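Structural characterization, general
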Amino acid sequence: MPLRVDRRPGHDGWWITGTVTPAGAAQGVRVRRRAGSDVKRVADEEAGILETAILRNHHLGERPSVRGWGEAVAAYLREERRSTATLQLLTRLTAHFADTPLDRIDGEAVTRAAAALLRPGAAPATVQRNVIVPVRAVLHHAAHLGWCPEPRIKGRTIAESTPEFLLPGTVERLIAASTPPFDALWTWLAGTGARVGETLLLDWAQVDLPAARATLLPETTKSGKRRVVTLPPAVVAALAGLPHRGGRVFRRVDGEAYRGSDEGGGQLRSPWATACQRAGVPGRWETWRAGGRPKRRWVPAVGPHVLRHSYASWHYALHRDLMRLRDEVGWASVSQVECYAHLLPSGHEAAIRRVWGLAPERAGRAVA
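Residues numbered from 1 in each chain as written. Predicted model: local features only at pLDDT ≥ 70, side-chain atom pairs only at ≥ 80, totals over all residues. Heavy atoms only, no water.

**Brief notes about the sheet that holds strand 1 (residues 4-6)**
If you trace the three strands from one edge of the open sheet to the other, you get 1-2-3, paired in antiparallel fashion. Strands at the two margins of the open sheet, each flanked by one partner only, are strand 1 and strand 3 (29-34). Direction aside, the axes of adjacent strands within the sheet are offset by 15 degrees on average. Sheet topology note: the strand 2 (residues 15-20)/strand 3 ladder contains six bridges and is antiparallel. (Pairing = 2+ DSSP bridges. Helix = DSSP H or I, 4+ residues; strand = E, 2+ residues; numbered from the N terminus. Axes fitted to C-alpha atoms, helices over the stretch in contact; angles between N-to-C directions.)

Laid out in structure tokens, this is it:
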């Protein structure tokens, strides 16, 4: 029977229990262990990967000297808690690689995985982030255990580019052009610099409006680390205006929660496109035919992630502090934020303060 994820009386967290019996096996493998995450969805994904590893071990038992991808992923997850985004990437990769022996996962296998899992023509950075980096991480851990040689998978060449951002006046128009709850959502993204995936998983239990703070949990952040976000007055007001105080903070129009982490912002495509078109954000019309009828939609030149870049450039324009910016947006090093230091031309400070709801400058000194 499939593994179950549920609570156990007298124990904290989620527990993975059950017996996995491979086809043809005389006896099943009994599992009873605490999940690595306290988030039910993440624990479910861990159970699925564990079940795959058990089945792989049985069916490839005739090749004990060669470990498989599923077993390597299971070992990688046991080593330490991984973020939701990492678990989702590994789930997709495990569905593709399945029982593939580690000695067969090379550069060619990675190229095939990218072609199977990503959209045609995916950018090198997308291939690097969604396929090469997680594959390398799993193989490197397996090599540390002595299961395979160190991986020699060449990374993609990624051309340096200047991050895209929006001027505060454009974001003001974008928020004003949006209907609830999306006006609050864009205000949050522009006022905190949070990633879309972190945002869609935010729960009211993580928000302290009186203290103007929100805590992003390790299982939802890209770095896998807890991060405390300071909420500017405009964000506090936007959240206070939402009609509910339980469960997910940001929900779909029908009131349902968004599905798991979505760094690309695909779940927000329609409201984002509508707001961008009304606010004058550059884009293009995409046309096609469906059922014999012409269809078209507006495709903005940038996605919701641009608000994170905008936040970073605005933050530096006001505070001139790269270390503080690094900590508040959750980047690993100052070098990751240096490119934002000179993005925004001078003269937009007053507009930034309006978007964030901060008091205007007085007597040559900003009042935060």
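**Structural notes on the side chain of Thr-187**
Positionally, Thr-187 belongs in helix 7 (residues 182-192). Relative accessible area serves as the criterion here: at 10%, Thr-187 is assigned to the buried category. Reaching out from Thr-187, the side chain makes a polar contact with the backbone oxygen of Asp-183 at a distance of 2.7 Å. Ignoring sequence-local partners within four residues, the contact set of Thr-187 consists of Ile-175, Ala-234, Val-235 and Ala-238. (Buried < 20%, exposed > 50% of the residue type's maximum accessible area, 1.4 Å probe, protein only. Polar contact = N/O pair within 3.5 Å; in protein donor to acceptor, adjacent residues only side chain to side chain. Contact = heavy atoms within 4.5 Å.)

**Let's talk about the nonpolar core**
Membership of the largest hydrophobic core comes to 57 residues, with the highest contact counts inside it found for Trp-186, Trp-188, Leu-231, Leu-239, Phe-250 and Leu-307. Top contributing element to this core by residue count: helix 11 (residues 306-319), with eight residues. Core analysis: the second largest hydrophobic core is formed by 31 residues, Val-42, Leu-87, Ala-109 and Ala-143 among them. (Core = buried A, V, L, I, M, F, W, Y, C linked by side-chain atoms within 4.5 Å.)

**Examining the packing of aromatic side chains**
Considering all chains together, one arrives at seven aromatic pairs under this definition. Judged by centre distance (6.1 Å) and plane angle (25 degrees), the ring pair of Phe-182 and Trp-186 falls under stacked. In this pair, Phe-182 and Trp-186 are both assigned in helix 7, four residues apart and thus about one turn of the helix distant. Residues Phe-182 and Trp-186 agree in their burial class; the two are buried. Residues Tyr-311 and Trp-356 carry aromatic rings whose centres are separated by 5.3 Å and whose planes lie at 40 degrees to one another, so their mutual orientation is tilted. Residue Tyr-311 is located in helix 11, and its partner Trp-356 is located in helix 13 (residues 349-356); the two are separated by 45 residues in the primary sequence. We classify Trp-356 as buried; its relative accessible area is 4%. (Phe/Tyr/Trp six-rings, centres within 6.5 Å; stacked < 30°, edge-to-face > 60°.)

**Quick notes on helix 3 (residues 84-97)**
Given a rise of 1.5 Å per residue, 14 residues ought to cover 20 Å, and the 20 Å separating the end C-alpha atoms of helix 3 matches this to within 8%. Looking at helix 3, one finds that the buried residues are Thr-84, Ala-85, Leu-87, Gln-88, Leu-90, Leu-93, Thr-94 and Phe-97. Taken from the residues just after helix 3, Ala-98 is the one with a positive phi, measuring 50 degrees. (Expected span 1.5 Å × (residues − 1).)

**Some points on helix 6 (residues 168-176)**
Buried within helix 6 we find Pro-168, Thr-170, Val-171, Leu-174 and Ile-175. Along the axis of helix 6, the buried positions cluster into a sector of 155 degrees, meaning they face one direction only. Here the buried face of helix 6 lies against helix 7, helix 10 (269-279), helix 11 and helix 13. (Arc of directions from axis to C-beta.)

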